[in-house]
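Take a look at the letters that make up each chain.
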Amino acid sequence: AQSVAQPEDQVNVAEGNPLTVKCTYSVSGNPYLFWYVQYPNRGLQFLLKYITGDNLVKGSYGFEAEFNKSQTSFHLKKPSALVSDSALYFCAVRAFSYSGAGSYQLTFGKGTKLSVIP
Amino acid sequence: AAGVIQSPRHLIKEKRETATLKCYPIPRHDTVYWYQQGPGQDPQFLISFYEKMQSDKGSIPDRFSAQQFSDYHSELNMSSLELGDSALYFCASRRQANYGYTFGSGTRLTVV
């Protein structure tokens, strides 16, 4: 089964400092990886994805993620954190399920709560 | 740009009642996914549809059913509601052969 793991329930970082939110994956075949952000009582907003190509993926709001095949990781990073970045971050992997006709659905990690301290 | 529209945004129901959640995908998106996110939990896949046919089934209770209509909108029908069904229900859509999944803002269901 394909899965992602987010080892940290919460990450605290001071405003202006770099931030990293960790994600590791377990897939068979080529991984298709995603990061989403969720603000309180809001939907999931797409940040970035890795499909193929350059290992450093740039996304929305100044976020980027580095795909590392040898470490099976896809950590989310930002050079300088903002208070407004405080939210819940989900890593996800696209997994094909053979149930029924089959579909490519997203399987999410447990989420990491990011708190940026002024 | 058009987004995924879910209605209603909030819904309060009593135990054993029924509820219907609606999802309107982005135009030309042919695949719809339903997810359930309990308090403090990650989104769990429920069911998906491609071209109006069910394509996959996840952890969806037998009390729930869903369908996708000819205009590609989808409805999630929930019967005999239980307190544990209280959650945020997301719909996502995408176009086959495209890697982008777009989520709606969700419907918050509270069962009392």
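For the structure itself, look to the data block above.
Numbering of residues starts from 1 in every chain and runs along the sequence as written. Lettering for chains starts from A, numbering for ligands starts from 1, and both go in the order in which the items are written. Whole-chain, interface and lining totals are the exception, using all residues; otherwise, since this is a predicted model, local features are given only for residues with pLDDT of at least 70 and side-chain atom pairs are given and counted only at 80 or more. As a rule here, side-chain values come from all non-hydrogen atoms in the structure, and water together with hydrogens is ignored.

Here we look at the overall build of chain A
Then, number 1: Each helix is a run of DSSP H or I of at least 4 residues and each strand a run of E of at least 2, with the numbering of both proceeding from the N terminus. When helices and strands are counted, chain A shows zero helices and 12 strands.
Then, number 2: Helices and strands appear in chain A in the N-to-C order β-β-β-β-β-β-β-β-β-β-β-β.
Then, number 3: With C-alpha atoms as the basis for the radius of gyration, the globule rule is written as 2.2 Å multiplied by the number of residues raised to the power 0.38. A compact globule built from 118 residues would reach a C-alpha radius of gyration of about 13 Å, and chain A, at 14 Å, matches this within 12%.
Then, number 4: Its C-alpha atoms give chain A principal-axis dimensions of roughly 50 × 30 × 25 Å.
Then, number 5: Buried means the residue's accessible area, taken with a 1.4 Å probe over protein chains only, is under 20% of the maximum for its type, while exposed means over 50%, and partly exposed covers the values in between. Buried positions account for 47% of the 118 residues belonging to chain A.
Then, number 6: Residue contacts are counted whenever heavy atoms from the two residues lie within 4.5 Å of one another. For chain A, the share of sequence-separated contacts (at least 6 apart) that also reach a separation of at least 24 residues comes to 55%.
Then, number 7: Here chain A contributes 10 positively and 7 negatively charged side chains, and the mean placements of these two sets differ by 7 Å. The positive count covers Lys and Arg only, the negative count covers Asp and Glu only, and His and the chain ends enter neither. Lys charges are placed at NZ, Arg charges at CZ, Asp charges at CG and Glu charges at CD.

Topic: the pattern of salt bridges
Then, number 1: Salt bridge, as applied in this entry: a Lys or Arg side-chain nitrogen positioned within 4 Å of an Asp or Glu carboxyl oxygen. Inspection of every chain in the model, using the stated rule, returns eight salt bridges over all chains.
Then, number 2: Residue B:Asp42 pairs with A:Lys110 through a salt bridge whose shortest N-O separation is 3.3 Å. Of this pair, B:Asp42 sits in the loop between strand S4 (31–37) and strand S5 (44–50) while A:Lys110 sits in the loop between strand S11 (103–108) and strand S12 (112–117), each in a different chain.
Then, number 3: Its relative accessible area of 56% is what places A:Lys110 among the exposed residues.
Then, number 4: A salt bridge links B:Lys22 to B:Glu75, with the nearest nitrogen and oxygen atoms 4.0 Å apart. With B:Lys22 in strand S3 (residues 19–24) and B:Glu75 in strand S8 (residues 74–78), the pair connects residues that are 53 residues apart, well separated along the chain.
Then, number 5: What you see here is one network of salt bridges that share partners, running through B:Arg63, B:Glu82 and B:Asp85.

Examining the packing of aromatic side chains
A ring pair, where both rings are aromatic, is described by two values, the distance of the centres and the angle of the planes.
Then, number 1: Aromatic pairing here means that ring centres of Phe, Tyr or Trp (its six-membered ring) are within 6.5 Å. Orientation follows from the plane angle: under 30 degrees is stacked, over 60 is edge-to-face, and everything else is tilted. Throughout the structure, instances matching the rule amount to 17 aromatic pairs over all chains.
Then, number 2: On the numbers, 5.9 Å between centres and 70° between planes, the contact of A:Tyr36 with A:Phe46 is edge-to-face. One end of the pair, A:Tyr36, is in strand S5 (residues 33–38); the other, A:Phe46, is in strand S6 (residues 44–50), with 10 residues separating them in the sequence.
Then, number 3: On the accessibility criterion, A:Phe46 (33% relative accessible area) is partly exposed.
Then, number 4: Through pairs of rings, three or more aromatic residues link up here, namely A:Phe34, A:Tyr36, A:Phe46, A:Phe90, A:Phe108, B:Tyr33, B:Tyr35, B:Phe45, B:Phe90, B:Tyr101 and B:Phe103.

What to know about the interface of chain B and chain A
Then, number 1: Contacts between the two partners involve 21 residues from chain B and, on the opposite side, 24 residues from chain A.
Then, number 2: A buried area of about 1900 Å², summed over both sides, lies between chain B and chain A, and 51% of it is on carbon and sulfur atoms.
Then, number 3: Our count for the contact surface shared by chain B and chain A stands at one salt bridge.
Then, number 4: Any pair of nitrogen or oxygen atoms within 3.5 Å is treated as a polar contact; in protein, a donor-acceptor pairing is required on top of that, and neighbouring residues in sequence qualify only through side-chain atoms on both sides. Remark: the boundary between chain B and chain A carries five residue pairs in polar contact (both at pLDDT 80 or more).
Then, number 5: If you list the elements that add at least two residues to the side of chain B that touches chain A, you get S4, S5, strand S6 (53–57) and strand S9 (87–94) of chain B.
Then, number 6: Among the elements that take part in the side of chain B that touches chain A, S6(B) stands out by supplying four residues, more than any other. The term buried area means the drop in 1.4 Å probe accessible area that two parts suffer when joined, counted for both and summed.

Observations concerning the nonpolar core
Then, number 1: We define a nonpolar core as any set of buried Ala, Val, Leu, Ile, Met, Phe, Trp, Tyr and Cys residues linked to one another through side-chain atoms lying within 4.5 Å. Counting 26 residues, the largest nonpolar core has A:Trp35, A:Leu47, A:Leu48, A:Phe74, A:Leu76 and A:Tyr89 as the members making the most contacts within it.
Then, number 2: Within the residue set of this core, elements represented by two or more residues are strand S2 (10–14), strand S3 (19–21), S5, S6, strand S8 (64–68), strand S9 (73–78), strand S10 (87–97) and S12 of chain A.
Then, number 3: Looking at this core, the element that brings in the most residues is S10(A), giving four residues.
Then, number 4: Not counting residues within four places of it along the chain, the set of residues in contact with A:Tyr89 comprises A:Gln6, A:Val21, A:Trp35, A:Tyr36, A:Val37, A:Leu47, A:Phe63, A:Leu76, A:Gly111, A:Thr112 and A:Leu114.
Then, number 5: Counting residues in hydrophobic clusters, the runner-up holds 22 residues, among them B:Trp34, B:Leu46, B:Ile47 and B:Tyr89.

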